[in-house]
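What follows is each chain in one-letter form.
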Amino acid sequence: MDPGVQHVELSDRPWVLYAREVGLSLVVDGACATAGFTPQAAARIHYTDTAVELAVAGLGPALVPGNMIPQRFAGHARRPDPPVQRELAAFTRPDPSPAALAFIEVLAEHGTL
């Protein structure tokens, strides 16, 4: 990925945004609000892979989780500066499986508690 970009640098462009019912919509809106602007929609979509495809095609910038960017598009990606964070939660049964425990451990290693 290229060096970071501040959201406000892209404030005058129409964005590829998520449909309001998609959880990432609140993340994008919050990140842009923190940068001091409200993004205008070039399109509203439901899937992150669609956001990547449309952004690479030139429709507008899209904010997507880094792990959702296919390697073939990595040269088009820039990390937001400051980084965008979102809250994640893991719900388990009272006696979680080894796989669930391993997943929670990965979340804890890569996030903040």
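Everything below is about the structure printed above this text.
Residues numbered from 1 in each chain as written. Predicted model: local features only at pLDDT ≥ 70, side-chain atom pairs only at ≥ 80, totals over all residues. Heavy atoms only, no water.

Caption draft 1: Quick look at the environment of Asp49. By the secondary structure assignment, Asp49 is in helix H2 (residues 48–56). In the structure, Asp49 is positioned 14 residues away from Ala35 in sequence and 25 Å away in space, judged by C-alpha atoms. (Helix = DSSP H or I, 4+ residues; strand = E, 2+ residues; numbered from the N terminus.)

Caption draft 2: Looking closely at the pairing of strand S3 (residues 40–45). As paired elements, strand S2 (residues 14–18) and S3 share five bridges and run parallel to each other. Directly across from Tyr18, in S3, lies its bridge partner Ile45. Traced from S2 through helix H1 (residues 24–35) to S3, the parallel crossover comes out right-handed. (Pairing = 2+ DSSP bridges. Right-handed = clockwise from strand over helix to strand, strands pointing away.)

Caption draft 3: A look at H2. Among all positions of H2, only Thr48, Ala51 and Val52 are buried. The buried residues of H2 occupy an angular sector of 100° when the element is viewed end-on, so they sit on one face. The inward-facing, buried residues of H2 contact S2, H1 and S3. Directly after H2, the chain includes Gly58, whose backbone phi takes a positive value near 100°. (Buried < 20%, exposed > 50% of the residue type's maximum accessible area, 1.4 Å probe, protein only. Arc of directions from axis to C-beta. Contact = heavy atoms within 4.5 Å.)

Caption draft 4: View of the packing of aromatic side chains. Throughout the structure, instances matching the rule amount to one aromatic pair. Judged by centre distance (6.0 Å) and plane angle (45°), the rings of Trp15 and Phe37 are tilted. Of the two residues, Trp15 sits in strand S2 while Phe37 sits in the loop between H1 and S3, which places them 22 residues apart along the sequence. As far as the burial class goes, Trp15 and Phe37 line up, both buried. (Phe/Tyr/Trp six-rings, centres within 6.5 Å; stacked < 30°, edge-to-face > 60°.)

Caption draft 5: Up close: the nonpolar core. The biggest cluster of nonpolar side chains holds 18 residues, and the ones touching the most others in it are Trp15, Tyr18, Val28 and Ala51. Listing elements by their share of this core, those giving two or more residues are S2, H1 and H2. If near-sequence neighbours (up to four positions away) are discounted, Ala51 is found in contact with Val16, Tyr18, Ile45, Ala62 and Val64. (Core = buried A, V, L, I, M, F, W, Y, C linked by side-chain atoms within 4.5 Å.)

Caption draft 6: A look at a nonpolar patch on the surface. Taken together, the side chains of Leu101, Phe103 and Ile104 present a nonpolar region at the surface, about 270 Å² in accessible area. Position of Leu101 among the secondary structure elements: in helix H3 (residues 98–110). By relative accessible area, Leu101 is classed as partly exposed at 47%. (Patch = residues over 30% accessible without salt bridge, like charges linked within 9 Å, V, L, I, M, F, W, Y side chains within 5 Å. Areas by Shrake-Rupley, 256 points an atom, 1.4 Å probe, with all protein chains shown as cover. Salt bridge = Lys/Arg side-chain N within 4 Å of Asp/Glu carboxyl O.)

Caption draft 7: Representation of the pattern of salt bridges in the model. Tallied over the entire structure, the rule returns two salt bridges. The residue Asp29 makes a salt bridge to Arg20 at a minimum N-O spacing of 2.7 Å. By relative accessible area, Asp29 is classed as partly exposed at 23%. We classify Arg20 as exposed; its relative accessible area is 55%. Across the salt bridge formed by Glu53 and Arg72, the nearest N and O atoms sit 3.2 Å from each other. Remark: Arg72 occurs in the loop between H2 and strand S4 (78–80) and Glu53 occurs in helix H2; sequence separation between them is 19 residues. Using a relative accessible area of 39% as the deciding quantity, one classes Glu53 as partly exposed.

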